[in-house]
Amino acid sequence: MPSQGPTQDRFGKREVIAMHPSESGMQVGRALLHALHNAGISVLYQDRQMETVWARNMNAPWAADTADGKDLLSPAQAERIRAAKLKVIESGNPDQLELSIPGHQGVRWFQLWIDADRGEAGDVLGVVTTMVETTEQKRREQTLKTLLREVSHRSKNLLAIIQSVATQTGRYTETLGEFLARFRGRLQSLASSQDLVTSSNWRGAALHELVSGQVGRYSSDLAQSLRFAGENPYLNPNAALHIGLAMHELAVNSVSYGALSRPDGHVEVRAKLEAEEGTSPNLLLTWTEAVGDAQRNEKRFGSVALERVVPMSLNGSATLEIGRDRMEYRLTVPHGNFETD
């Protein structure tokens, strides 16, 4: 039959643990030491006079000869731990502390549990301190909070863009059906650009991929319909969404009235970095295509977005020139909107 021995848990409550006959104190001790080591738990026992009776798995920053961490903690932290232990010895009630300790590789975080060790009569014989490092958990929590703030910020920006698109679309349409058709197309354009941004962990999108994605939505043969040349910078999320919207408006216009309305038609997109002396290079993005008599010149949201909304959102500038047989859109994007490395 298994033997039973009284023990005390960390809250001072007495419980009975069944012991198998083959178990010995040394075996249990070795097993517990392995468990402490594998779990990264340090345990310290001190008597009522705060003298160390025994310590197990006291790795850095806790050391057997500096049980209170005085060589690593600030005087205020060391005193805080000592005061908490004395309070536990005096009251018998457990306490819990969280500490941050600066190190060579950044701040390390520790959780400390301080419990009273009671004798048979219930009197406090000493204090047991359990120390566990929670640095990785803290870092994950901080990373999660940062990501949530970033998602909230970008969601608000995206909603502001959608609100602006809806307002401008309504201003330049006469019927509900026309509004819904155009608004759906612009939402799909934003969604396509947003997919690229999200897949890059919110870093942004490569220009070539962004342009190809927007034009490809209206072409069955992208290799024929799009001729891209020049640089391929990496756009930040804001630039990706707005330049994607510009490419969408140009593609829709081209399919309706321009080069892409013809089976053999194509558009040319060139990306060039232009730097003034002593400044970072700007991106000059040019869309060129041949147009016919069906090209309409009256102002629509497309032209307003190309000439005002997109460049203003990027702190850049733009021109839209429609000639008798050629249309050219030139967008200057300041360097803060993209990376070239």
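Model, not experiment: these values are computed from the prediction.

**Q** Could you give me a rundown of the sheet that holds strand β14 (residues 326–333), with the residues and numbers involved?
**A** Spatially, five strands are ordered β9-β11-β12-β14-β13 in an open sheet, and the strand pairing comes out mixed. Only two strands of the sheet have a single neighbouring strand rather than two, namely β9 (226–230) and β13 (317–322). Strand-to-strand twist of the sheet, defined as the mean angle between neighbouring strand axes without regard to direction, takes the value 10°. Note that β13 and β14 share six bridges and pair antiparallel. The partner of E321 across the bridge, within β14, is E328. On the sheet, helix α5 (residues 207–216) packs against β9, β11 (267–274) and β12 (282–290) and is oriented at approximately 165° with respect to β9. The strands that helix α7 (residues 237–257) touches are β11, β12 and β14; relative to β12, the one it contacts most, it runs at about 10°.

**Q** Any chance you could break down helix α2 (residues 75–91) for me, citing the residues and the numbers?
**A** Here α2 spans 24 Å end to end across 17 residues, near enough to the 24 Å set by a 1.5 Å rise per residue. Within the sequence span of α2, burial applies to Q77, A78, I81, A84, K85, V88 and I89. Buried positions in α2, seen along its axis, are confined to an arc of 135° and lie on one side of it. Among the exposed residues of α2, those pointing more than 90 degrees away from its buried face are P75, A76, K87 and E90.

**Q** I'd like to hear about the sheet that holds strand β15 (residues 338–339), residue by residue, with values.
**A** What the three strands build is an open sheet, ordered β8-β10-β15; its pairing is antiparallel. Lying at the two open borders of the sheet, with one neighbouring strand each, are β8 (205–206) and β15. As paired elements, β8 and strand β10 (residues 234–235) share two bridges and run antiparallel to each other. In the sheet register, A206 faces β10, and the bridge partner there is Y234.

**Q** I'd like a description of the pattern of salt bridges, backed by residues and values.
**A** On inspection of all chains with the given rule, the structure shows nine salt bridges. R203 is paired through a salt bridge with E339; the nearest N and O atoms lie 3.1 Å apart. Here R203, found in the loop between α4 (176–199) and β8, pairs with E339, found in strand β15; they are 136 residues apart in sequence, far enough to count as distant. Residue classification places R203 among the partly exposed residues on the basis of a relative accessible area of 40%. For E339, a relative accessible area of 42% puts it in the partly exposed group. E328 is the salt-bridge partner of R326, the closest N and O atoms lying 3.0 Å from each other. Overall, the relative accessible area of 13% leaves E328 in the buried class. Within this structure, R326, E328 and R330 form a network of salt bridges that share partners.

**Q** Give a detailed account of the packing of helix α3 (residues 135–171) against α4, specifying residues and quantitative values.
**A** Packed helices, taken two at a time, are described by the angle between their axes plus the distance between the axes. At a minimum axis distance of 10 Å, the contact between α3 and α4 shows a crossing angle of 155°. One way to sum up the angle between α3 and α4 is to call them roughly antiparallel. Along this stretch, α3 crosses α4, giving a crossing that reads as right-handed. Residues L158, I161, I162, V165, A166, T169 and G170 of α3 pack against F179, R182, F183, R186, L187, L190 and Q194 of α4. Of the residues assigned to the contact of α3 with α4, the class counts are nine nonpolar, three polar and two charged.

**Q** Could you give me a rundown of the packing of aromatic side chains, with the residues and numbers involved?
**A** Where two aromatic rings form a pair, the distance of their centres and the angle of their planes describe that pair. Overall, the coordinates contain two aromatic pairs when judged by the stated rule. Seen in terms of ring centroids, F179 and F183 are 5.4 Å apart; in terms of plane orientation they differ by 15°. Their pairing is stacked. Highlighted residues: F179 and F183, both in helix α4, separated by four residues, approximately one helical turn. Here F179 matches F183 in class, with each residue buried. Across the ring face of W109, the terminal group of K138 is positioned such that the distance to the ring centre comes to 4.6 Å. Just above the ring of Y234 sits the side chain of R203; from NZ or CZ to the centre is 3.9 Å.

Reading the values: rules and limits
- Residues numbered from 1 in each chain as written.
- Predicted model: local features only at pLDDT ≥ 70, side-chain atom pairs only at ≥ 80, totals over all residues.
- Heavy atoms only, no water.
- Pairing = 2+ DSSP bridges.
- Helix = DSSP H or I, 4+ residues; strand = E, 2+ residues; numbered from the N terminus.
- Axes fitted to C-alpha atoms, helices over the stretch in contact; angles between N-to-C directions.
- Contact = heavy atoms within 4.5 Å.
- Expected span 1.5 Å × (residues − 1).
- Buried < 20%, exposed > 50% of the residue type's maximum accessible area, 1.4 Å probe, protein only.
- Arc of directions from axis to C-beta.
- Salt bridge = Lys/Arg side-chain N within 4 Å of Asp/Glu carboxyl O.
- Parallel < 35°, antiparallel > 145°, perpendicular 65-115°, else oblique.
- Left-handed = near helix turned anticlockwise from the far one by under 90°.
- Nonpolar A, V, L, I, M, F, W, Y, C, P; charged D, E, K, R; others polar.
- Phe/Tyr/Trp six-rings, centres within 6.5 Å; stacked < 30°, edge-to-face > 60°.
- Lys NZ or Arg CZ within 6 Å of the ring centre and 35° of its normal.

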